[in-house]
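# Inside the fold
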Amino acid sequence: MSYNRMFSGAVMHGNMNIKMNVVEELQEFWQMKAARGASLKNGALVIYESVPASAPPYVCFVTLPGGSCFGSYGVCPTKAEARRSAARIALMNSVFNEQPTRKITQEFIDGAVSEASHSYGGVRNEAENGTGIGAYRFMLVQNLGKTMLEFQELMTVFQLLHWNGSLKAMRERQCSRQEVVQHYSHRALDDDMRSQMALDWIAREQEIPGIIARELNLAERDLETARLAGRELRFPKEKKDILMLASSQVGGPMD
């Protein structure tokens, strides 16, 4: 399922001719949004994560309060520069997100669902009746008026549930779309959820030996491709993290 359309509008510029501490500016931006009443269930804290490395180039990821994740861009010779690079990309997307076109509207929902259905490989009505596409539409409708960055964590949860096969399993258990959306709308994308999904992949490994390593290789390539293109990264990064957790528990090779 493709969701790249949701962040295709943000244009990256390799050079921001603004003299500022971009890390501080990004934090202040989200604190200001929280003060103005933005719905941020996890607070206004911006979280940085550096990829372990003993030598350059260094890579850093930044997760915004709404759940969106961005990474450093280009070759960063120091960890501090990687952090600033990630903050710069995140700040540009945060500012861009304030435009009216970033609101979830009915027109946006129709286009996003149509794209997701086509990427799934079927006619839209058929895809909605037989997959998680219907739940995806319902979830978007429930969040009319929100911006995409404010909605990102919930969207990532449902992307992961679709990727993990959980939405299909819930449908087979006769769970309604409303029940699924209401349940997961109040759940954070946290270590408990990641651990549960990792257990699902460990179970698959028993049936299909080597599937975790293959999926992990794909996830790592997807994440690196998206990072180098300056795209939003939460979904590919969560996939990688879940598969790495599963791989560590089965003790299998990661190559």
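Everything below is about the structure shown above.
Note that the coordinates shown come from a computational prediction; the quantities given were computed from them, not determined experimentally.

Cut-offs used in this document
- Residues numbered from 1 in each chain as written.
- Predicted model: local features only at pLDDT ≥ 70, side-chain atom pairs only at ≥ 80, totals over all residues.
- Heavy atoms only, no water.
- Helix = DSSP H or I, 4+ residues; strand = E, 2+ residues; numbered from the N terminus.
- Areas by Shrake-Rupley, 256 points an atom, 1.4 Å probe, with all protein chains shown as cover.
- Disulfide = S-S within 2.5 Å.
- Buried < 20%, exposed > 50% of the residue type's maximum accessible area, 1.4 Å probe, protein only.
- Polar contact = N/O pair within 3.5 Å; in protein donor to acceptor, adjacent residues only side chain to side chain.
- Pairing = 2+ DSSP bridges.
- Salt bridge = Lys/Arg side-chain N within 4 Å of Asp/Glu carboxyl O.
- Core = buried A, V, L, I, M, F, W, Y, C linked by side-chain atoms within 4.5 Å.

The next point concerns the overall build of the protein. From N to C terminus, the protein includes 11 helices and three strands. Of the regular secondary structure in the protein, the N- to C-terminal order runs α-β-β-β-α-α-α-α-α-α-α-α-α-α. Accessible area of the protein: about 13,100 Å², with a carbon and sulfur share of 51%.

Okay, the state of the cysteines next. Under the criterion given, the structure shown has zero disulfides. Sulfur of Cys60: no disulfide; nearest cysteine sulfur belongs to Cys76 and is 8.7 Å away. Given the relative accessible area of 1%, Cys60 is considered buried.

This part is about the side chain of Arg137. Mapped onto the secondary structure, Arg137 falls in helix 5 (residues 133-141). Here the side chain of Arg137 touches Asp110 through a polar contact of 3.4 Å, side chain to side chain.

Our focus in this paragraph is the pairing of strand 2 (residues 60-63). Across four bridges, the pairing between strand 1 (residues 47-50) and strand 2 is antiparallel. Directly across from Ile47, in strand 2, lies its bridge partner Thr63. Linking strand 2 to strand 3 (residues 69-71), which pair antiparallel, is a turn of five residues; within it Gly67 sits at a positive phi near 110 degrees.

In this section: the pattern of salt bridges. Here the structure, examined in full by the defined rule, presents 12 salt bridges. Between Arg234 and Glu153 there is a salt bridge whose closest N-O contact spans 3.6 Å. A residue pair is termed long-range when its members are at least 10 positions apart, and Arg234 in helix 11 (residues 234-250) and Glu153 in helix 6 (residues 148-164) qualify at 81 residues. Summarising the burial analysis for this pair, Arg234 and Glu153 share the class buried. A salt bridge links Arg194 to Glu238, with the shortest nitrogen-to-oxygen separation between them at 2.7 Å. Highlighted residues: Arg194 in helix 9 (residues 191-207) and Glu238 in helix 11, separated in sequence by 44 residues. Grouping residues by exposure puts Arg194 and Glu238 together as buried.

Turning our attention to the nonpolar core. Where a protein is soluble and globular, its nonpolar side chains tend to be buried together. Formed by 39 residues in total, the largest nonpolar core has its most connected members in Leu140, Phe151, Phe158, Leu161, Tyr184 and Trp201. Secondary-structure elements contributing two or more residues to this core are helix 3 (106-120), helix 5, helix 6, helix 7 (166-172), helix 8 (177-185), helix 9, helix 10 (211-228) and helix 11. A total of nine residues in this core trace back to one element, the largest contributor, which is helix 6. By size, the runner-up hydrophobic cluster in this structure holds 22 residues, among which are Val62, Phe70, Ala90 and Leu149.

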